[in-house]
Amino acid sequence: MIAAKVKVALSCSGRAACRWLNLNRGTVGYRPKPLTDRQRQLELEVVRVSRAYPTLGYKKITRKLRDLGYGVNKKLVQRIRREEGLQVPAPKPRQRRRGISTGLPRQAGRKNQVWAWDFVSDYTERGGRLRAFNLIDEYTRECHCIHADRQIGAADVLRVLEGAIARHGAPEYIRSDNGPEFIAKAVQRWLKANRIKTIYIEPGCPWQNGYAESFNGRFRRECLNRELLYTLRESRVVFEDWRHHYNEERPHRSLGLQTPAQFAQSQARQGSGSSRATPSLRRNLEEKQSNENNQQPPNNISSKVA
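To start, this report covers the structure provided alongside it. (Residues numbered from 1 in each chain as written. Predicted model: local features only at pLDDT ≥ 70, side-chain atom pairs only at ≥ 80, totals over all residues. Heavy atoms only, no water.)

Topic: the overall build of the chain
For clarity, the threshold we go by: Secondary structure elements follow DSSP: runs of H or I no shorter than four residues count as helices, runs of E no shorter than two count as strands, and numbering proceeds from the N terminus. Three exposure classes are used, based on accessible area relative to the maximum for each residue type with a 1.4 Å probe and protein chains only: buried under 20%, partly exposed in between, and exposed over 50%. It only takes one pair of heavy atoms within 4.5 Å for two residues to be counted as in contact. Using a 1.4 Å probe, accessible areas were evaluated by the Shrake-Rupley method; residue-level cover was limited to the displayed protein chains.
In terms of helices and strands, the chain carries 13 helices and five strands. Counting over 306 residues, the chain shows a buried share of 38%. Across the chain, contacts joining residues at least 24 apart in sequence account for 61% of those joining residues at least 6 apart. By element, 50% of the accessible surface of the chain is carried by carbon and sulfur atoms, the whole surface being about 19,900 Å².

In structure tokens:
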């Protein structure tokens, strides 16, 4: 005991040692009472039951002991478990994977400035999972594609994205959540090579991707909930028909009751559209044009033949 060591070292009384150590004399002179056989048996039983059920807290362990016939208090069980290190650790928050944003979270001000992509899940009537990959332009509200399949991975996402860029030009930014298909290394490398910046929303904040979520809601209300889809092939036809209806026939209030296609055409006439091509697609177009030029005969030869 510290007080006894100080008393011997300083050759002082116990009162002086307690005064130097700021201790109560009753605390120094306290001697714990030995445990009775019943208390010792109860502690052993608390340890045994706690190790048999390591995921249960002290309140449930108390209930187990009472069912076994022990008249035990939950505070006693809590103290014994704490002394023996048998507490249930608090659950740790799940660490979600997050993509690295390479662009600023900005609002689209022209066509092909910000695209958004997301998934919608459903089931066919004959059974089987159905996933739809949606890609939209945030400014014109155009839906560039609705790709349906049983499973869609990062390679499928890139293939669909390349087709959309070939038809509509490349975007400057793509906004998405932190799904594994969007934060895959293959997708990150492809987007970086083609100078397309990424904007990833915060985990658990779908409102940061509001345009995609709004489109998904309309797609579910006006298509998925109204159609009976029996096969994957049928779903692809139905989705493509609805996409044409959404782009060409359905008026949009935020666009002044114009359809997305009409709004995109009006913006193109005003010169605010963008048709930027990625380096890989630009290279393919240049090779195609050079091949066509090589196959075309010179003007003088064609005139002589004529």
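Some remarks on helix 5 (residues 58–67)
Using the following cut-off: Here the arc refers to the directions that run from the helix axis out to each C-beta atom.
Listed as buried for helix 5 are Ile 61, Thr 62 and Leu 65. Angularly, the buried residues of helix 5 cover 105° about the axis, an arc narrow enough to put them on a single face. Seen from the buried face of helix 5, the exposed residues on the opposite side, beyond 90 degrees, are Lys 59, Lys 60, Arg 63 and Asp 67. Looking one or two residues past helix 5, Gly 69 carries a phi angle of roughly 100°, positive in sign.

Here we look at the layout of surface pockets
Where we set the bar: Only protein atoms enter the 1 Å grid, on which a cavity is a set of points fitting a 1.4 Å probe that cannot get out and a pocket is an open set with protein on both sides within 12 Å along at least 5 of 7 lines, lining residues being those with an atom within 4 Å of a point. Grid points are joined across faces, edges and corners, and a volume is the space filled by probe spheres set on the points. Nonpolar residues are Ala, Val, Leu, Ile, Met, Phe, Trp, Tyr, Cys and Pro. Charged residues are Asp, Glu, Lys and Arg, and all others, Gly as well, are polar.
Of the voids in this model, the largest pocket is the one considered here, and its volume is about 270 Å³. Only helix 8 (185–193) and strand 5 (197–200) provide two or more residues apiece to the lining of the largest pocket. No other element matches helix 8, which puts five residues into the lining of the largest pocket. In terms of residue class, the lining of the largest pocket is built from four nonpolar, four polar and six charged.

A look at the packing of aromatic side chains
We count it as follows: Stacked, edge-to-face and tilted labels apply to pairs of Phe, Tyr and Trp rings (six-membered ring for Trp) whose centres lie within 6.5 Å, assigned for plane angles under 30 degrees, over 60, and everything in between, in that order. Counting as a charge over the ring demands two things of the Lys NZ or Arg CZ atom: a distance within 6 Å of the ring centre and an angle within 35 degrees of the ring normal.
What the rule picks out here adds up to twelve aromatic pairs. A ring pair is formed by Trp 117 and Phe 133, whose centres lie 5.8 Å apart and whose planes are at 50°; its orientation type is tilted. Here Phe 133 lies in strand 2 (residues 129–137) and Trp 117 lies in strand 1 (residues 114–123), a separation of 16 residues in the sequence. The pair Trp 117 / Phe 133 is uniform in exposure class, with both members buried. Through a chain of ring-to-ring contacts, three or more aromatic side chains come together here, namely Phe 215, Phe 219, Phe 239, Trp 242 and Tyr 246. Over the aromatic face of Phe 119 sits the side chain of Arg 131, whose NZ or CZ is 4.1 Å from the ring centroid.

Some points on unusual backbone geometry
One non-glycine residue with positive phi stands out, namely Arg 141, at about 65°. A positive phi is found at Leu 257, a non-glycine position, where the angle reads about 60°. Take Leu 257: it is sitting in the loop between helix 10 (232–248) and helix 11 (260–269).

Focus on a nonpolar patch on the surface
For clarity, the cut-off: Patch membership is restricted to residues that have no salt bridge and whose relative accessible area is over 30%. Joining uses 9 Å for like charges and 5 Å for the nonpolar side chains Val, Leu, Ile, Met, Phe, Trp and Tyr. The rule for a salt bridge is simple: a side-chain nitrogen of Lys or Arg has to be within 4 Å of a carboxyl oxygen of Asp or Glu.
The grouping of Ile 2, Leu 10, Trp 20, Leu 21 and Leu 23 at the surface amounts to a nonpolar patch, some 550 Å² of accessible area in total. Within the residue set of the nonpolar patch, elements represented by two or more residues are helix 1 (2–10) and helix 2 (14–21). With a relative accessible area of 40%, Leu 23 lands in the partly exposed category.

Remarks on the environment of Lys 192
Take Lys 192: it is sitting in helix 8. A relative accessible area of 72% means that Lys 192 is categorised as exposed. As for Lys 192 and Thr 102, which are separated by 90 residues in sequence, their C-alpha atoms are 9.0 Å apart.

A word on the environment of Ile 152
You can see Ile 152 is positioned in the loop between strand 3 (143–149) and helix 7 (154–168). Overall, the relative accessible area of 4% leaves Ile 152 in the buried class. Residues Ile 152 and Phe 119, spaced 33 residues apart in sequence, show a C-alpha to C-alpha distance of 9.3 Å. Ignoring sequence-local partners within four residues, the contact set of Ile 152 consists of Phe 119, Arg 131, Phe 133, His 147, Val 157 and Glu 181.

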